[in-house]
Amino acid sequence: MRFCLFLIIFLLSNHPVLAQVTPPENGKSRFYNAETIAITISKKILLKNPDTASFSSIENYIRAAIITEAYQAADNWMIYFQNKMSANASWVQRRSIYKMHLFGTYMRLKDKSKTHIDSLVDHSFEGWDIQWNNEMIKIFQFDTDNDQDILATLYDNFQYSKDSLELMTAYLNWKIDQHFIGCIAERGNMQDRRFYDIDEKIINVSNDKPAKVLIIRLKNQPPLPAVYRQTIYTGPNINKAKVAAMKGYVSVIGHTAGVGFKGYNIIPFETEAADTYLIIDMLSQHPWINGTIGMYGGSYLGTTQWAALKKKHPALRTIVPQVAVRPGIDFPLNAGIWMSYGLRWIQFVCNNSEKSDVSKFLKDSYWDNVYKRWYASKLPFSFLDSIEGKTNSVFQKWVKQTHNPSFWEAMTISRRDMSSLDIPILSITGYYDDDQWGAVSYYRDHVKANPHNNHYLVVGPWDHFGSQSKPQKNLLGYAIDSVAAIDIDALVFDWFDYILKGKNKPAFLKNRVNMQIMGANKWKSAKDLTSLADTTLRYYPFTQKNDQTIELGIHKPKNYSVDIKGVNLDDRSDTAIFNNEDEDLIVRNDPIYLERYSANYINFFTDTFTTSFHIAGAIAGELLVETDLQQPQFNFVVYLQRKDGKYHLLSLTRIFSNHQQAAYTHSPSTRKVHKIDIPHTVITAIQCEPGSRLVFQLGYDKNPYWVIPEDQNNPSGIKHKNIIKGEAKIRLLPGTHFSVPVSKVYFKNTD
């Protein structure tokens with residue numbers, strides 16, 4: 001699966017400021033054309049009554065009625081919703097209907113005086129308690145630029161069968177924005193002041209840069225513990241802060257130095273350790289705070305927590321890092337290899353203009369084209385920003401530090417410093433989190449450095465976003481077990497109650513490591529990762545069926561080798577086979593992942609299983625590779641082929657031989673044997689039933705989305721000639737094996 005787009009869901013839900021969208025060259029506004037499509041879609045929806053058992057059907061009918069100005073029909077179904085469905089509807093569903101009702105009423109009054117409009121808006125807030133008030137505020141968090149950009153993107157890439165309802169929704173949101181944007185914001189701010197105390201501070205941090213800190217609490221509270229999120233992302237973070245305040249904490253949002261201030265360069269990661277210390281020191285003396293502080297948040301916000309431990313302030317009592325990035329380990333390098341996405345993210349977060357170009361950041365097709373142009377050019381990776389059209393000093397600096405581990409380690413707590421780290425920690429990640437490697441590496445290093453740690457780990461069948469809030473019940477084709485759909489936000493604050501308020505430990509945390517066994521509808525807890533499984537089963541290549549299919553056995557063959565189709569690093573005419581925009585399904589009919597990223601993959605199959613057992617932990621192994629490549633690298637993908645024939649993705653690992661010399665020649669005499677570990681990095685857990693089997697895929701990693709090692713080892717500014725000419729041979733030698741952590745029951749009734 002492709003590396004994550006950092007916090008895309010966060011960005012969409014928090015409505016950051018977007019660039020204005022220019023109309024096409026023919027002078028006809030995309031929004032005029034989008035309106036035409038939306039009205040056409042709406043008229044078709046109005047031809048039949050909605051499914052009265054489905055909220056989404058009623059919601060879409062009301063939306064269609066408002067778009068076509070059929071207000072009486074919209075009112076009728078709003079009344080139906082209120083009488084028949086409202087009691088069992090979620091906050092989100094009620095909020096959606098109320099927003100449309102408010103707009104429909106507004107449109108009737110649009111020719112009235114401004115007093116009528118103000119009265120309507122004011123009435124919306126009257127009588128609500130604090131929870132309803134917060135829901136109302138969410139209705140009024142309009143950002144015309146954001147909704148405009150979403151609408152433009154949908155219009156530009158419109159597919160009738162796929163995007164109709166999304167475009168209709170985006171169009172109505174944009175239309176509502178046009179009418180409400182001026183009269184709502186002030187009242188929303190007034191309501192915030194009604195329930196909350198808000199303190200906005202600016203402090204000087206590293207290099208005398210300013211940093212914004214938002215502090216919020218419920219009114220009339222004594223000094224309380226604080227929970228603190230340190231982020232590089234802009235947007236109205238106050239909504240997230242209010243949630244924490246309602247749970248009985250002083251809520252704090254800190255920003256990376258310079259964010260939101262004109263004229264300052266934004267530098268990710270590098271100063272967070274020093275800056276968080278200064279912010280925590282200020283917070284520890286704040287009159288609203290009782291001197292105890294916890295940190296939480298995911299992705300970049302997970303990294304800032306580990307950075308805060310580099311020089312731990314006494315007031316910092318716990319951290320809850322979710323899907324935490326580890327610079328140099330999983331981003332912007334993964335397994336020591338640069339990902340092209342690194343530039344995409346750097347260009348986005350380093351943009352400190354008033355209108356951060358989220359639209360470009362989110363556009364997969366744009367960046368896919370950039371990556372392919374660089375790949376075809378055969379230029380060093382350091383040219384990627386120039387090819388994109390905007391050089392970036394942070395990118396250039398980081399590329400030069402590719403092979404300097406001390407540079408990356410300096411951004412967060414070091415392995416050495418973890419030996420004295422004794423505060424309680426709750427780490428959360430998912431099997432399908434693109435930053436799982438980093439998140440789990442923090443845990444592994446802490447446990448290794450300090451056996452007396454107080455570190456808990458929770459891992460479930462979640463992606464990067466689901467691991468930070470509420471998991472998706474259906475994740476890319478996989479319907480997660482019911483026990484996996486936990487409220488992660490609630491777990492985070494139960495942990496804070498335990499550590500910062502002295503309440504009971506969350507009942508969910510049965511032991512230090514807690515992993516959900518996919519397919520078994522249960523959790524398994526153990527004292528550490530190695531205790532989750534009873535033993536390790538080794539599989540060896542045994543019989544080659546054809547060029548791309550190898551059978552595996554549990555007995556080591558005496559003399560057996562496997563030839564993998566050769567790779568031509570100099571040939572960059574293969575860009576058409578790469579597709580980074582398709583959805584990467586977890587459960588699918590064919591194990592086709594590598595077909596989009598590698599032209600020379602090979603499949604390894606085990607025998608079908610005859611009994612039930614579970615896998616829990618990291619699927620690892622070792623490759624013995626004979627090749628004339630100096631630094632071969634591979635994608636290693638593992639599926640469970642279920643008894644129904646479908647393939648369930650378990651893990652994806654990037655592996656390579658850490659030999660940092662470029663290849664210059666191509667002849668049999670230069671071939672070397674590389675011993676390449678498949679490291680214990682990506683962890684998973686799944687129930688295996690009789691009739692299922694494991695499928696391992698191995699493919700050479702040559703594509704536009706990751707740097708080819710021979711490219712990476714030549715960062716000079718000239719077009720280089722150190723790539724091997726012609727097809728390089730790859731052979732797997734005896735001793736190659738895959739290791740699977742399993743429960744003992746596997747061996748019952750097995751020869």
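Each remark here, short or long, concerns the structure printed above.
No experiment lies behind these values; they were computed from the predicted model shown.

Parameters and conventions
- Residues numbered from 1 in each chain as written.
- Predicted model: local features only at pLDDT ≥ 70, side-chain atom pairs only at ≥ 80, totals over all residues.
- Heavy atoms only, no water.
- Buried < 20%, exposed > 50% of the residue type's maximum accessible area, 1.4 Å probe, protein only.
- Helix = DSSP H or I, 4+ residues; strand = E, 2+ residues; numbered from the N terminus.
- Pairing = 2+ DSSP bridges.
- Core = buried A, V, L, I, M, F, W, Y, C linked by side-chain atoms within 4.5 Å.
- Contact = heavy atoms within 4.5 Å.
- Phe/Tyr/Trp six-rings, centres within 6.5 Å; stacked < 30°, edge-to-face > 60°.

**Focus: the pairing of strand S16 (residues 549-553)**
In step 1: The element S16 is extensively covered by neighbouring structure, given that four of its five residues are classed as buried.
In step 2: Where S16 lies against strand S19 (residues 601-605), three bridges are found, and the strand directions are parallel. Paired with glutamate 551 across the bridge in S19 is phenylalanine 605.

**Section: the nonpolar core**
In step 1: By size, the foremost hydrophobic cluster in this structure holds 132 residues, and its most contacted members are Trp338, Trp345, Phe496, Leu694, Phe696 and Leu698.
In step 2: Per-element accounting of this core gives the leading share, seven residues, to helix H20 (residues 488-500).

**Description of the environment of valine 638**
In step 1: Tracing the backbone shows valine 638 in strand S22 (residues 633-641).
In step 2: Under the relative-accessibility criterion, valine 638 is labelled buried at 0%.
In step 3: Remark: the alpha-carbon pair of valine 638 and phenylalanine 696, spanning 58 residues in sequence, is separated by 4.6 Å.
In step 4: When sequence neighbours within four positions are dropped, the list of residues in contact with valine 638 reads Ile619, His648, Leu649, Leu650, Ser651, Leu694, Val695 and Phe696.

**A look at the packing of aromatic side chains**
Each pair of aromatic rings is reported with the distance of its centres and the angle of its planes.
In step 1: One pass over the structure, following the stated rule, counts 38 aromatic pairs.
In step 2: An angle of 35° between the planes, with centres 6.2 Å apart, marks the rings of tryptophan 367 and tyrosine 371 as tilted. Note that tryptophan 367 and tyrosine 371 are positioned in helix H15 (residues 364-377) at a spacing of four residues, about one turn of the helix. Accessibility assignment for this pair places tryptophan 367 and tyrosine 371 in one class, buried.
In step 3: Residues tyrosine 539 and phenylalanine 696 carry aromatic rings whose centres are separated by 6.3 Å and whose planes lie at 55° to one another, so their mutual orientation is tilted. Of the two residues, tyrosine 539 sits in strand S15 (residues 535-546) while phenylalanine 696 sits in strand S26 (residues 693-700), which places them 157 residues apart along the sequence. Note on accessibility: tyrosine 539 and phenylalanine 696 belong to one class, buried.
In step 4: Three or more aromatic residues link up through ring pairs in this structure, and these residues are Phe269, Tyr300, Phe331, Tyr341, Trp345, Trp398, Phe407 and Trp408.

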